[in-house]
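Architecture at a glance
For reference, the chains in residue letters:
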Amino acid sequence: MTTAMTTATATTSEDADRAGVPDLAERLAAVTQVAEQHLDRHDRDATFPEEALAELRNTRLLGLLVPKEEGGLGGTLDDLIEAGIVLGRTDMSLSMIFVMHCQQAEAVVRHAASPLREELIPLLASGRMYLASVTTESGKGADLFKSEAPLHESEGTLEVDRAVPISTGGTSADGFLITMRSPYATADHHVSLVYAHRHQLDVEVAGEWRPLGMRATHSLPLRISGRIPGHQVIGEHGAFHRIVQSVFGPLAHLGWSAAWLGTASGALSRVLHLLRDPAGRKRFDLRSELLLTRLSRARQRLETVHALLRRTQALAESGTDWSVTSHQLLLNNLKITAAEECHAAVQELIDAVGLKHGYLQDSPTGLEKALRDLRSAVLNFSNDRLHLADGRLCLLDPDVRFH
Ligand SMILES: Cc1cc2nc3c(=O)[nH]c(=O)nc-3n(C[C@H](O)[C@H](O)[C@H](O)COP(=O)(O)OP(=O)(O)OC[C@H]3O[C@@H](n4cnc5c(N)ncnc54)[C@H](O)[C@@H]3O)c2cc1C
């Protein structure tokens, strides 16, 4: 983690002394207030939440993880997780847009070298720049350690020509981080990460975005092409795996899990408020053992995810080596568990309150939308892939040592 991010360990019990951004809650409240006004429209029309993005820029939250010394907000990992949870309580799409942007920004902060660093960091620090991610490819799916899209280098420029089947906010982004096969690759896993400004690329929309949930991520298929200066590579050519291990993997799993936990806990909170208000008390039997058990189970699932999230966060804050088997297992299991349990908690709540408030779109519980959104969690870097990786890691640890 960056210097700013590791300082999270230095927190005291006093909120006022907490490391990180002191007015984070106010900045997030400004964003959620705007987001709420446009939520239904963006979910209905599957359009990008431009108003909330504008507020993420105004509040400079898009520069959350850029250290203060470099002009950013100097946010900590704890700030990122808090933001993921808070935004997720309002809208999972918005939360994912934000945490994925922060993951990209952190890759630049940690791995961009001069002169790209001097070009990009001020833009990111100001909070004006929104970065989109281009890692998925049709042929190799979500596998980050492989790319079939060749990057050509000639006379100091790099030629980008790449299809991406799903790119969140790609038509609203100011810049892109793109994975491609290194110009010097001798194997598929020699992947480079390059940066491209929007104005350096032709960005062609190659299809539609008509998903079950996560509709406001507006994750269209794109074809992107253009020429960029040779220095716009992040880290070394062919060494994207190092960025995956130090930034993309940990921040993706921590950030996504925060977004999912926020979404599911927002759903539980709205259900509890409904049950406790006078009309709810009349409509529901609050002594029903079935209802109480279902509420308890939903809470139990979320406590499990929260505990795992905070445990993994603490490990990240200690500046861990993620190549250690038990650390990798913990990180992967956070993602797997958060994806399953947050979705299952919302299922539980739907059964608890029934059709009117569990299944219909116009219920104030928002359970119908939360369920659709959370259904994507196991697919977003598929749990199947992670189970295979974890199975291999298990074989390396026959004594079953937990971190
Ligand atoms: C809301 C949302 C937003 C996204 N935004 C972006 C974005 O901005 N940029 C971007 O690049 N990507 C984005 N993605 C894509 C994401 O990162 C994953 O690449 C994608 O979800 C994986 O899709 P897949 O199921 O088709 O691919 P795969 O992971 O390839 O899986 C396809 C199927 O094959 C199985 N499978 C494949 N390989 C293996 C294996 N080795 N072991 C076991 N099973 C396997 C899987 O279980 C699954 O059933 C987004 C995804 C979502 C849901």
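Calculation notes
- Residues numbered from 1 in each chain as written.
- Predicted model: local features only at pLDDT ≥ 70, side-chain atom pairs only at ≥ 80, totals over all residues.
- Heavy atoms only, no water.
- Helix = DSSP H or I, 4+ residues; strand = E, 2+ residues; numbered from the N terminus.
- Contact = heavy atoms within 4.5 Å.
- Pairing = 2+ DSSP bridges.
- Axes fitted to C-alpha atoms, helices over the stretch in contact; angles between N-to-C directions.
- Near = heavy atom within 4 Å.
- Polar contact = N/O pair within 3.5 Å; in protein donor to acceptor, adjacent residues only side chain to side chain.
- Areas by Shrake-Rupley, 256 points an atom, 1.4 Å probe, with all protein chains shown as cover.
- 1 Å grid on protein atoms, 1.4 Å probe; cavity = no way out; pocket = protein on both sides within 12 Å on 5 of 7 lines; lining within 4 Å.
- Sits in = over half its atoms within 2 Å of the grid points.
- Nonpolar A, V, L, I, M, F, W, Y, C, P; charged D, E, K, R; others polar.
- Domains from an automatic or database assignment.
- Core = buried A, V, L, I, M, F, W, Y, C linked by side-chain atoms within 4.5 Å.
- Buried < 20%, exposed > 50% of the residue type's maximum accessible area, 1.4 Å probe, protein only.
- UniProt positions renumbered as here; feature names shortened; annotations may be inferred.

Once that is clear, we can look at the side chain of His343. Here His343 lies in helix 10 (residues 325–353). Excluding residues within four positions of it along the chain, His343 makes contact with Leu371, Leu374 and Arg375.

For the rest of this paragraph, the subject is the sheet that holds strand 4 (residues 175–181). In a beta sheet, neighbouring strands pair by backbone hydrogen bonds and run either parallel or antiparallel. Pairing in this open sheet of four strands is mixed, and the strands run 1-4-5-8 from one edge to the other. Two strands in the sheet have a free side with no partner beyond their single neighbour: strand 1 (131–134) and strand 8 (233–234). Strand direction decides the pairing type here: strand 1 and strand 4, joined by four bridges, are parallel. In the sheet register, Val134 faces strand 4, and the bridge partner there is Ile178. Packed onto the sheet, helix 6 (residues 116–125) meets strand 1, strand 5 (191–197) and strand 8 and runs at close to 60° relative to strand 5. Set on the sheet, helix 7 (residues 240–276) makes contact with strand 4, strand 5 and strand 8; between it and strand 5 the angle comes to about 75°.

On to the site of the ligand. Near the ligand you find 19 residues, and of these Ser133, Thr136, Thr168, Asp384 and Arg385 are the closest. In the model, an oxygen atom of the ligand is placed 2.8 Å from a nitrogen or oxygen of the Thr168 main chain. Between an oxygen atom of the ligand and a side-chain N or O atom of Arg385, the distance comes to 2.8 Å. Isolated, the ligand exposes 950 Å² of accessible area, and the fraction of that covered by the protein chains is 68%. Spatially, the ligand is embedded in the largest pocket. Considering only residue class, the shell around the ligand consists of eight nonpolar, nine polar and two charged. Built from parts of two domains, the shell around the ligand gets at least three residues from each of domain 2 (131–234) and domain 3 (240–395).

All right, on to the nonpolar core then. Phe98, Ile178 and Trp260 are the most contacted members of the largest nonpolar core, which has 116 residues in total. Ranked by residues supplied to this core, first place goes to helix 7 with 19 residues. Residues within four places of Phe98 in sequence aside, it is in contact with Leu56, Leu61, Leu62, Leu64, Leu80, Ala83 and Leu87.

Moving on, we get to the UniProt feature "domain: Acyl-CoA dehydrogenase C-terminal" (unreviewed entry) in the chain. Feature annotation in UniProt assigns "domain: Acyl-CoA dehydrogenase C-terminal" (unreviewed entry) to the following positions: residues 255–376. Strand forms 0% of residues 255–376 and helix 80%; the C-alpha atoms that close the span are 15 Å apart.

Another aspect to go through is helix 12 (residues 367–374). When you tally the buried positions in helix 12, you get seven out of eight residues, the bulk of the element. Among the residues of helix 12, Leu367, Glu368, Lys369, Ala370, Arg372, Asp373 and Leu374 are the ones counted as buried. Where helix 12 is buried, its residues meet helix 2 (24–45), helix 5 (92–111), helix 7, helix 10 and helix 11 (355–358).

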